[in-house]
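Survey of secondary and tertiary structure
What follows is each chain in one-letter form.
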Amino acid sequence: MKLELKDTPGQLLGALKPISDIGGNIITIIHQRDQTTAENTLTVDIVLELPEKKLDALIDALRERGCGVIRVGKERLLQKQSLIMIGHLMHTDLTDTVDRIDQTGFAEVSELHMVMPAIDEPSTAKITIRAISPEDMLHAVRILREVAAQKDILILEPLGGAE
Amino acid sequence: MRIAIIGFGAVGQGLARVLADTGFTVTAVADSRSACINKDGLDLPEVLARKEESGLCGSAGIGIADILSSGAFDILVEVSPTNAETGEPALSTIRSALAMGKHVVTSNKGPIACAYHELKALADINGVMLGYEATVAGAVPIVSGLRHGLAGNTVRSLHGILNGTCNYILTRMRDEGLTYPQALQEARDLGYAEADPTYDVKGIDAAIKLVILANTLLGMDIRLSDVDITGIDSITLEALSLAESEGATIRLIGEILPERNQVRVSPRVIPLDHPLVVDGTLNAISVCCDLAGPVTFIGKGAGPYPTASAILADLNFIRDSYDRGA
């Protein structure tokens, strides 16, 4: 989110406190002092993770402290994990395989990179899944494993889990 | 202390060579078709020479039953080949020796994977030890490492490269661009893979080792059929390239997550800088503990001398614990 603060000491610290109070996790802060505006305010870009449904409460808390919230960009699917699939991916209805993840509402296939060396030979693909939470990612991977078992596709999971 | 060696293949013979200078006396040796017993100690170079010439370590007329009934040993060392389904005939031999009040040291995965809890109880009742360091990851001291070195820790997860044959094949596919059949053939030519490699490449060998670790050190009670097993025989070169493009590779990983009661063996995508990415036939085990954090063990997982090293460690532990002042 992009915040507008008064250019006086302690303003940034004051703006960060409501975020931690509400259980948010700050990932990055971009604070450029030379971009002050005519009204002697400055803008700060903050990337943060928030618990579900806490965004409105945070915006209210910031406004009470006199911080203007200029813009909020939402990224719902924060978890990302890539897996490798080996098998007859096209002939076992790849669209259906992808749909089973997309239909969940909590996870989506965001990337697919497929290599098909020869007709009738197994193809290999890297599939990238995005999901809302780590639990959702585990659930999505479990669904993919079930689909793969039905279609005789080998799934290679990463060691170390989601990013 | 007096030792009886049951099984006289590569491991048994390697052990016999190593034991010559250790102060242990070998009083009996048996292979699958013969045996020899001398209550005062066998002449090991002579037994080794006879085995090499004739294929038999002793006389065809006697066998394991005669060694057991002679009682002329303090520790039975069971190093015959693994039977993953029943653990037999080694399981019966070990049971008899423990019931007689004899210590047992084994490299045989079958009896430990199939009946550890029963054998341990039998050993405890009879006041003797059951050593099995050599059953998992050869020379790597994972059993004593977890039981003694990391005592008091709770293991949150265990991941391991537990099959040297699979690790060799996957290393060669990555490094040289060999296909799976080419890498398997090379492993056979070098003696790293059996003529029938099913047991290794399908992940069964690694799964048996996980069963041993889970049941004997992580407080679980599982069988081989509880392990979710996937082998490496359908891994493509394209899969290795896709992994490589993300700075990763593919290795057969055994995984135990005690809190989720999850035990599985499967090829996994693993970052190249991960401590478990070891080359060739090496074995590696990483445990994540509540107090110690991550700890990784790496070493030779097979071969007569690495295996003899693990057996000798158990033998020395028994001697230090039970033979003070003798």
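About the criteria used
Think of each chain on its own: its residues are numbered from 1, step by step along the sequence as written. By the order in which they are written, chains take letters starting at A while ligands take numbers starting at 1. With pLDDT at 70 or above as the cut-off, local features in this predicted model cover only qualifying residues; side-chain atom pairs require 80 or more to be listed or tallied, and sums for whole chains, interfaces and linings still use all residues. Working from all heavy atoms in the structure, the side-chain values ignore hydrogens and water. UniProt positions are given in the numbering used here, feature names are shortened, and annotations may be inferred rather than shown by experiment. Only DSSP runs of H or I covering at least 4 residues are called helices, and only runs of E covering at least 2 are called strands; the numbering of each starts at the N terminus. Here the radius of gyration uses the C-alpha set of atoms, whereas the globule reference equals 2.2 Å times the residue count to the power 0.38. Throughout this description, buried means an accessible area under 20% of the type-specific maximum (1.4 Å probe, protein chains only), exposed means over 50%, and partly exposed covers the range between. Residue contacts are defined here by distance: any two heavy atoms, one from each residue, within 4.5 Å place the two residues in contact. In short, Shrake-Rupley with a 1.4 Å probe defines the accessible areas, and a residue's cover is counted only from the protein chains shown. His is not counted, nor are the chain ends, whereas Lys and Arg count as positive and Asp and Glu as negative. Where a charge sits is defined by one atom per residue type, namely NZ (Lys), CZ (Arg), CG (Asp) or CD (Glu). Here, strands pair whenever DSSP counts at least two bridges between them. N or O atoms closer than or at 3.5 Å make up a polar contact, with two conditions inside protein: a donor-capable atom paired with an acceptor-capable one, and, for residues adjacent in sequence, both atoms drawn from side chains. Here an angle of 0 to 180 degrees is reported between the N-to-C directions of two axes, which are lines fitted to C-alpha atoms, with helices fitted over the stretch in contact. These domain limits were set by an automatic method or by a database of domain assignments. By buried area we mean how much accessible surface two parts lose on assembly, using a 1.4 Å probe and totalling the loss over both. Salt bridges are counted wherever a side-chain nitrogen of Lys or Arg sits within 4 Å of a carboxyl oxygen of Asp or Glu. We call Asp, Glu, Lys and Arg charged. Ala, Val, Leu, Ile, Met, Phe, Trp, Tyr, Cys and Pro are nonpolar, and the rest, Gly among them, are polar.

An unreviewed UniProt entry lists chain B under the name homoserine dehydrogenase, from Methanocalculus taiwanensis. Under the Sequence similarities (unreviewed entry) heading, UniProt states for chain B: "Belongs to the homoserine dehydrogenase family."

An unreviewed UniProt entry lists chain A under the name Amino acid-binding protein, with Methanocalculus taiwanensis given as the organism.

**Observations regarding the overall build of chain A**
Summing up its helical and strand segments, chain A has 4 helices and 8 strands in all. Across chain A, helices and strands are ordered from the amino to the carboxyl terminus as β-α-β-β-α-β-β-α-β-β-α-β. Computed over the C-alpha atoms, the radius of gyration of chain A is 22 Å, more than 25% above the 15 Å expected from 2.2 N^0.38 for a compact globule of 163 residues. Considering only C-alpha atoms, chain A reaches an extent of 70 × 30 × 25 Å along its principal axes. Counting all 163 residues of chain A, 40% fall into the buried class. Sequence-distant contacts in chain A: of pairs separated by 6 or more residues, those separated by 24 or more amount to 67%. By element, 49% of the accessible surface of chain A is carried by carbon and sulfur atoms, the whole surface being about 9,300 Å². Here chain A carries 18 positive and 26 negative side-chain charges, and the mean point of each set is 6 Å from the other.

**Some points on the pairing of strand E7 (residues 155–161) of chain B**
Residue and element names in this part refer to chain B. With respect to burial, E7 is a largely interior element, 6 of its 7 residues being buried. Where E7 and strand E11 (residues 282–289) come together, 6 bridges link them in antiparallel fashion. Considered in E11, the bridge of Ile 161 is made with Ala 284. Both E7 and strand E9 (residues 248–257) contribute to a ladder of 3 bridges, which runs antiparallel. Within the sheet, the bridge partner assigned to Gly 160 lies in E9 and is Gly 254.

**Some details on the environment of B:Asp196**
Residues and elements named next belong to chain B. Looking at the element boundaries, Asp 196 is found in the loop between helix H8 (180–189) and helix H9 (198–201). For Asp 196, a relative accessible area of 52% puts it in the exposed group. A polar atom in the side chain of Asp 196 sits 2.4 Å from the side chain of Thr 198.

**Examining the sheet that holds strand E2 (residues 25–31) of chain A**
Residue and element names in this part refer to chain A. Pairing in this open sheet of 4 strands is antiparallel, and the strands run E2-E3-E1-E4 from one edge to the other. Pairing within the sheet leaves two strands with one partner each, and these edge strands are E2 and strand E4 (68–71). When the angles between neighbouring strand axes are averaged without regard to direction, this sheet yields 35°. Of the strand pairs in this sheet, strand E1 (residues 2–6) and E4 are connected by 3 bridges, and their pairing is antiparallel. Among the inter-strand pairings, Glu 4 is bridged to a residue of E4, identified as Gly 68. Each of E1, E2 and strand E3 (41–49) touches helix H1 (residues 11–21); the most contacted strand, E1, lies at about 135° to it.

**Comments concerning the domain arrangement of chain A**
Each assigned domain of chain A is listed here: domain 1 (2–71) and domain 2 (79–156). Here domain 1 of chain A and domain 2 of chain A have C-alpha centroids that lie 39 Å from each other.

**Things to note about the interface of chain A and chain B**
Many analyses report the size of an interface as the accessible area lost when the parts associate. Every contact between the two is made by 17 residues of chain A and, on the other side, 22 residues of chain B. In this assembly, chain A packs against chain B so that about 1,600 Å² is buried in total across both faces, 65% of it on carbon and sulfur atoms. Its largest share of buried area at the contact with chain B, chain A owes to A:Leu154, A:Leu156 and A:Leu159, together 37% of the area lost on that side. Our enumeration of links across chain A and chain B arrives at 3 salt bridges. Where chain A meets chain B, there are 8 residue pairs in polar contact (both at pLDDT 80 or more). Taken together, the elements giving at least two residues each to the side of chain A that touches chain B come down to strand E5 (79–87), strand E6 (107–115), strand E7 (123–131), helix H4 (134–151) and strand E8 (154–158) of chain A. For the side of chain A that touches chain B, the element with the highest residue contribution is E8(A), accounting for 5 residues. Counted by class, the side of chain A that touches chain B contains 11 nonpolar, 3 polar and 3 charged residues. Pairing geometry for E8(A) and strand E10 (residues 262–271) of chain B, over 2 bridges, is parallel. Considered in E10(B), the bridge of A:Pro158 is made with B:Val269.

**Let's talk about the environment of B:Thr82**
All names here are of chain B. Residue placement: Thr 82 occurs in the loop between strand E4 (75–78) and helix H4 (90–99). Accessibility expressed as a relative area gives 26% for Thr 82, which makes it partly exposed. Side chain to side chain, Thr 82 and Asn 108 meet in a polar contact 3.4 Å long. Reaching out from Thr 82, the side chain makes a polar contact with the backbone nitrogen of Lys 109 at a distance of 3.2 Å.

**Considering the pattern of salt bridges**
This model, assessed by the stated rule, comprises 22 salt bridges over all chains. Across the pair B:Glu246 and A:Lys126 runs a salt bridge, and its minimum N-O distance is 3.1 Å. One end of the pair, B:Glu246, is in the loop between helix H11 (237–244) and E9; the other, A:Lys126, is in strand E7, on a second chain. Accessibility expressed as a relative area gives 40% for B:Glu246, which makes it partly exposed. Of the residues examined, A:Lys126 reaches a relative accessible area of 13% and is grouped as buried. A:Glu157 is the partner of B:Arg264 in a salt bridge, and the nearest nitrogen-oxygen pair spans 2.9 Å. With one member in each of two chains, B:Arg264 in strand E10 and A:Glu157 in strand E8 form a pair that bridges those chains. Neither residue differs from the other here; B:Arg264 and A:Glu157 are each classed as buried. Put simply, A:Arg145, A:Glu157, B:Asp228, B:Glu255, B:Arg264 and B:Arg268 are held in one network by salt bridges that share partners.

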